[in-house]
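# Structure at a glance
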Amino acid sequence: MFPPMAVQEQDSAPGQLPPELAEPTEPPPALGKFPCPCCGCKTFPVSKEDAPAYICPVCFWENDVFDPGGDRPSDENQGMTLAEGRKAYMKFGAVREEFLKYARKPLPEELP
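Throughout what follows, the structure given in this document is the object of discussion. (Residues numbered from 1 in each chain as written. Predicted model: local features only at pLDDT ≥ 70, side-chain atom pairs only at ≥ 80, totals over all residues. Heavy atoms only, no water.)

Another point: unusual backbone geometry. Positioned with a positive phi, alanine 53 is a non-glycine residue whose angle comes to about 60 degrees. Exposure remark for alanine 53: the relative accessible area of 39% places this residue in the partly exposed category. The backbone phi angle of phenylalanine 60 is positive, close to 70 degrees, even though this residue is not glycine. With respect to the helices and strands, the residue phenylalanine 60 is situated in the loop between strand E2 (42-44) and helix H1 (82-92). (Buried < 20%, exposed > 50% of the residue type's maximum accessible area, 1.4 Å probe, protein only. Helix = DSSP H or I, 4+ residues; strand = E, 2+ residues; numbered from the N terminus.)

Structural data, given as structure tokens:
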């Protein structure tokens, strides 16, 4: 037989999640210290060379491991060039206007 275990008191009311499982009320911590090639915010957890297909949470640029350059179409970004992505980010706050619902504002520590 197993020895009896002590019952822990709950910090939450019945029907509520414990505080550690509840929805966060503050923004998530900064994701990284490496800059996104599009918006320049420090959101990449590793260098862009080591972040295949990583999507920046600020501008929603998908890292292209083949790095076509600023004026060549990126397969990961539906043919958009990096220059077009940067221009769109400056205009809309994301690489495409329809991605605004997914993108977020940069945290202060992520700013270039």
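Now that the structure has been shown, we can carry on.
Quick look at the pattern of salt bridges now. Going through the model one piece at a time under the given rule, you end up with one salt bridge. The residue arginine 104 makes a salt bridge to glutamate 110 at a minimum N-O spacing of 2.9 Å. (Salt bridge = Lys/Arg side-chain N within 4 Å of Asp/Glu carboxyl O.)

Another point: the environment of phenylalanine 60. Relative accessible area serves as the criterion here: at 22%, phenylalanine 60 is assigned to the partly exposed category. Distance in space between the C-alpha atoms of phenylalanine 60 and phenylalanine 99 is 6.9 Å, their sequence separation being 39 residues. Beyond its immediate sequence surroundings of up to four residues, phenylalanine 60 is in contact with Ile55, Asn77, Val95, Phe99, Tyr102 and Ala103. (Contact = heavy atoms within 4.5 Å.)

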